[in-house]
Amino acid sequence: MVAVPSVAPVGLVHADAGAVLEALPPRCIQLAVLDPPYYRMVDEPWDRQWESEEDYVQWVGGWIDPLCAALRTDGSTYLFGTPRMAAKLGTMLLEPRLEHRSTITWVKRDGFSAPRTTYARSQEQILYYAASAAAPFHRDAIREPYRSTKRIRAATRTGIPKDGRRWFPNPKGRLATDVWEFTSQRHLEKVHGRTVRPPHATIKPTALIGRIVAASSDVGGLVLDPFAGSGTTAVVAAPMSRPTVLCEKEERYLPLIRQRLAALPKPPEVLEVGPRRSELRSLIGELLEAGGDDGHTPPLPGATEAG
Ligand SMILES: C[S@@+](CC[C@H](N)C(=O)[O-])C[C@H]1O[C@@H](n2cnc3c(N)ncnc32)[C@H](O)[C@@H]1O
């Protein structure tokens, strides 16, 4: 068995996500973190590429099938989006292909600006789907502190009656719910109390991505982020011993990704390739090998081995 390095390598591909997803070998990805453009929410050309919502949904539909083909049978995916888009994409595109696990509401203390005629937007949805029941969910790895400390202190001593038994709090904390509160990275990185223009408009909080990686991947499992932006997924996943492949179309973000990875206490090895199929395939081979993956993906639960 290959020992998985404590800091796993990162593959960085400067390419269109659709082309990369098409080129991936079948069933190689254990976790796909999907944070695509929102559709006309951010003042960036990459968020305004489509004429209409229908065009946008069609664009997403173009890469969902290759993505599903690349997911291992114990694979999971998390798709970020506005509540409106999440509703559309979940029903139209994910539901027929994958198993729904949770619809997570990420509550932001700050948020997008508020148009005059709507409530201020302070949430984002994250759709969590799995390829099959074999996908892990490490709920003990993502427990959070109990909120009612007084009640919990009392319960720790003597337990409290629940369903005819005595309930004692879990020393690791309470189960994570599907409502997540994470301050956005922009507000975490204030300078002298002021928010500064971030190097990328939509950097996700590292703690939020860390929860996803801890819950839905194993050490050595290959993680994919086809819309890498500033590279947050690899910044988090590589030190957690998950080899990660990032893809980003905009060349201007590549130096930021390299810089964030190089600034980690133990910087990962970064393997950069272009969009050619052969290059991508050998990159994935190297990353799988680093993760100790022998290419065997668990059978679907209930399936019998042929022969
Ligand atoms: C919402 S941002 C991702 C932010 C990222 N999660 C982070 O924490 O920094 C979406 C990213 O997708 C990139 N993008 C847009 N269209 C793309 C495409 N067709 N292929 C690959 N990347 C694309 C944009 O340049 C942008 O950086």
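Above this text is the structure in question.
The structure displayed is predicted, hence computed values, not measured ones. (Residues numbered from 1 in each chain as written. Predicted model: local features only at pLDDT ≥ 70, side-chain atom pairs only at ≥ 80, totals over all residues.)

Peer 1: Explanation requested: the overall build of the protein in the structure shown.
Peer 2: Summing up its helical and strand segments, the protein has 9 helices and 11 strands in all. Taking 2.2 N^0.38 as the reference for a compact globule, 307 residues should give roughly 19 Å; the C-alpha atoms of the protein span a radius of gyration of 20 Å, in line with that estimate. When its C-alpha atoms are laid out on the principal axes, the protein stretches across 65 × 65 × 40 Å. For the protein, the proportion of its 307 residues judged to be buried stands at 35%. In the protein, once contacts between residues fewer than 6 apart in sequence are set aside, the share between residues at least 24 apart is 75%. (Helix = DSSP H or I, 4+ residues; strand = E, 2+ residues; numbered from the N terminus. Rg over C-alpha atoms; globule rule 2.2 N^0.38 Å. Buried ≥ 20, exposed ≤ 12 C-beta atoms within 10 Å, placed from the backbone. Contact = placed C-beta atoms within 7 Å.)

Peer 1: What is the right way to look at the site of the ligand in this model?
Peer 2: In the region of the ligand, 20 residues are neighbours, and A17, F227, G229, S230 and T232 sit closest. Its residues assigned to classes, the shell around the ligand shows 9 nonpolar, 5 polar and 6 charged. (Near = placed C-beta within 6 Å. Nonpolar A, V, L, I, M, F, W, Y, C, P; charged D, E, K, R; others polar.)

Peer 1: For this particular structure, what's the right way to read unusual backbone geometry?
Peer 2: The phi angle of most residues is negative, glycine excepted, and most peptide bonds adopt the trans form. Positive phi values are uncommon outside glycine, yet R27 reaches one of about 50°. Structurally, R27 can be placed in the loop between α1 (17-23) and β2 (29-34).

Peer 1: How should I be thinking about the environment of V196 in this particular structure?
Peer 2: Structurally, V196 can be placed in the loop between α5 (185-188) and α6 (206-216). Between the C-alpha atom of V196 and that of P9, which follows or precedes it by 187 residues, the distance is 31 Å.

Peer 1: Please explain the sheet that holds strand β5 (residues 123-130) as it appears in this structure.
Peer 2: Strand pairs in the sheet, formed through backbone hydrogen bonds, run parallel or antiparallel to each other. The strand order across the open sheet formed by 9 strands is β8-β4-β5-β3-β2-β9-β10-β1-β11, and the pairing between neighbours is mixed. Both edges of this open sheet fall to β8 (179-181) and β11 (270-273), since each of them pairs with a single strand only. Across the sheet, the mean angle from the axis of one strand to that of its neighbour is 20°, orientation sign disregarded. Two strands pair when backbone bridges link them, and β2 and strand β9 (residues 223-225) are joined in this way by 2 bridges, in the parallel orientation. Counted as the bridge partner of A32 is L224 from β9. Relative to β2, α6 is tilted by about 155°, and along the sheet it contacts β2, β3 (71-81), β4 (99-107), β8 and β9. (Pairing = 2+ DSSP bridges. Axes fitted to C-alpha atoms, helices over the stretch in contact; angles between N-to-C directions.)

Peer 1: Explain the nonpolar core here, please?
Peer 2: Side chains of nonpolar character tend, in soluble globular proteins, to be buried together. Core analysis: the biggest nonpolar cluster contains 68 residues, and I29, V245 and L246 have the highest contact counts within it. Beyond its immediate stretch of four places on either side in the chain, L246 contacts V10, G11, L12, V13, D225, A228, G231, T233, A234 and I257. (Core = buried A, V, L, I, M, F, W, Y, C linked by C-beta atoms within 7 Å.)

Peer 1: I tried to follow the packing of helix α2 (residues 53-70) against helix α3 (residues 83-94) on my own but got confused; where do I start?
Peer 2: What describes two packed helices is the angle between their axes and the distance between those same axes. Contact geometry of α2 with α3 gives a least axis separation of 11 Å together with a crossing angle of 45°. Looking at the two axes, α2 sits oblique to α3. Note that α2 runs across α3; the crossing there is right-handed. Across from V57, V60, G61 and I64 in α2, the residues of α3 making contact are K88, L89, M92 and L93. Residue composition of the contact of α2 with α3, grouped by class: 6 nonpolar, 1 polar and 1 charged. (Parallel < 35°, antiparallel > 145°, perpendicular 65-115°, else oblique. Left-handed = near helix turned anticlockwise from the far one by under 90°.)

Peer 1: In this structure, what is going on with the pairing of β5? I would like to understand it.
Peer 2: Within a regular strand, side chains alternate between the sheet's two faces. Burial within β5 is extensive, with 6 of its 8 residues counted as buried. Here 6 bridges tie β3 to β5, and the two strands are oriented antiparallel to one another. Note on β5: the bridge partner recorded for T77 is Y129. Pairing of β4 with β5 involves 8 bridges; the strand directions are antiparallel. The partner of T105 across the bridge, within β5, is Q125.

Peer 1: Teacher, can you tell me more about the pairing of β2 here?
Peer 2: Counting buried positions over the 6 residues of β2 gives 6, a clear majority of the element. As judged from the 5 bridges shared by β2 and β3, these two strands associate in the parallel manner. When the bridges of β3 are listed, I29 appears paired with L71. Since β2 and β3 lie parallel, the crossover through α2 that links them has a hand, and here it is right-handed. (Right-handed = clockwise from strand over helix to strand, strands pointing away.)

Peer 1: Could you clarify how one ought to interpret the environment of T103 in this entry?
Peer 2: Mapping T103 onto the fold places it in strand β4. Excluding anything up to four places from it in sequence, T103 contacts Q125, L127 and D178.

Peer 1: I tried to follow the environment of D43 on my own but got confused; where do I start?
Peer 2: Residue position: D43 is located in the loop between β2 and α2. Separated by 158 residues in sequence, D43 and A201 have C-alpha atoms that sit 8.4 Å apart.

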